[in-house]
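Structure at a glance
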Amino acid sequence: MKRKLTVFILAICSVCVLYAGEQKSVKVNSSSMGMDINVIVITPDDLSKPVPVIYLLHGYGGHENMWPSLRKDLPEIADRCGVMFVCPDGKNSWYWDAPANPSLRYETFISKELISFVDSNYNTIAARTGRAITGLSMGGQGALWNAFNHPDVFGAAGSTSGGVDIRPFPKNWEMNKLLGEQSEYPERWEKQTLINNTGLIKNGDLALIIDCGYDDFFFDVNNAFHSKLLKEGINHDYIVRPGAHDGDYWHNSILYQILFFTNYFKAQ
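I will try to describe carefully the structure that is included in this document. (Residues numbered from 1 in each chain as written. Predicted model: local features only at pLDDT ≥ 70, side-chain atom pairs only at ≥ 80, totals over all residues. Heavy atoms only, no water.)

A separate point is the nonpolar core. Val39, Tyr55, Leu114, Ile133, Leu144 and Phe225 are the most contacted members of the largest nonpolar core, which has 53 residues in total. Once residues lying within four places of it in the same chain are set aside, the contact partners of Leu114 are Val28, Val39, Tyr55, Val86, Pro88 and Phe109. Judged by nonpolar contacts, the second largest core, of 28 residues, contains Leu56, Ile77, Leu136 and Tyr249. (Core = buried A, V, L, I, M, F, W, Y, C linked by side-chain atoms within 4.5 Å. Buried < 20%, exposed > 50% of the residue type's maximum accessible area, 1.4 Å probe, protein only. Contact = heavy atoms within 4.5 Å.)

Right under this line is the structure:
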């Protein structure tokens, strides 16, 4: 079934080229944090015309190689679909400008510094209509957080197994190092949780796709997030299917999101 899905998505994309794209590891300077960030950049073979970019964010405990390891065929998909993939190392930052640690400014890095580097060094569609961002788990939260706060930068966004409501997990994944303890700083936890920030966008600001597996510990918060978007009249694709919070699920789920984003790019 997974193989058929891969073939289906690749068939929808342009198949006039038969070569894999190029994958490179680069260092991108973050002036806001005073350090270089490791980034994997995957480009199609043909960059003679501007191409759209899909930013892929990893989960907690991951790094820039997480997505290229989960989908070793990303260079082939990039080439066939005529898109770039950019995979930054976000450490365990949750992709926030951390309220409890001002030295960590990963929202600034993702939505400003990384965008500037990519558009300055590659032949991209340097507009929101040529950018999508998604990620898994912590990265799903980070992708939507950055897109909701910067809809002028991203035109499409997604989340697979995303931590879209952090409040039920106050002792997990080092979030207290970024926000402070929930018991001491409840207002920070309310402000930084994604489900409380749907008011940052209005319907049509972003093309949105969200998915989660039935056996995922984030399943309930994703259902609640979906319900809130419906209540607020924000259109989005919401996919649920069998699966847990693991690589097998993400290996499959990202193909649906790539298809969603390439269709969005074609419509612009």
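This part covers the sheet that holds strand E7 (residues 207–213). In spatial order, the strands read E1-E2-E4-E3-E5-E6-E7-E8; together these eight strands make up an open sheet with mixed pairing. Each edge of the open sheet is held by one strand with a lone partner, namely strand E1 (22–30) and strand E8 (237–241). Neighbouring strand axes in the sheet, compared pairwise and without regard to direction, differ in orientation by 20 degrees on average. As paired elements, strand E6 (residues 156–160) and E7 share five bridges and run parallel to each other. Each residue of the ladder has a partner; that of Ala157, found in E7, is Leu208. (Pairing = 2+ DSSP bridges. Helix = DSSP H or I, 4+ residues; strand = E, 2+ residues; numbered from the N terminus. Axes fitted to C-alpha atoms, helices over the stretch in contact; angles between N-to-C directions.)

Relative to E8, E7 is paired through five bridges, and the arrangement is parallel. Among the inter-strand pairings, Ile210 is bridged to a residue of E8, identified as Tyr238. Taken together, E7, helix H8 (residues 219–231) and E8 constitute a β-α-β crossover, and its handedness is right-handed. (Right-handed = clockwise from strand over helix to strand, strands pointing away.)

Here the focus is the pattern of salt bridges. Oppositely charged side chains may form a pair once their charged atoms are brought near each other. Tallied over the full model, the rule gives eleven salt bridges. Between Lys91 and Asp89 there is a salt bridge, and its shortest N-O distance comes to 3.1 Å. Accessibility expressed as a relative area gives 47% for Lys91, which makes it partly exposed. With a relative accessible area of 7%, Asp89 lands in the buried category. Residue Arg105 is joined to Asp97 by a salt bridge in which the shortest nitrogen-to-oxygen separation is 3.6 Å. Note on Arg105: relative accessible area 32%, which makes it partly exposed. Judged by its relative accessible area of 22%, Asp97 falls in the partly exposed class. What you see here is one network of salt bridges that share partners, running through Asp165, Arg167 and Glu190. (Salt bridge = Lys/Arg side-chain N within 4 Å of Asp/Glu carboxyl O.)

Here the focus is the packing of helix H4 (residues 106–121) against helix H5 (residues 138–149). Packing of H4 against H5 brings their axes to within 10 Å, and their N-to-C directions diverge by 65 degrees. Of the two possible hands of crossing, H4 and H5 adopt the one that is right-handed. Mapping the contact onto sequence places Glu107, Ile110 and Ser111 in H4 and Trp145, Asn146 and Asn149 in H5. Of the residues in the contact of H4 with H5, the class split is two nonpolar, three polar and one charged. (Left-handed = near helix turned anticlockwise from the far one by under 90°. Nonpolar A, V, L, I, M, F, W, Y, C, P; charged D, E, K, R; others polar.)

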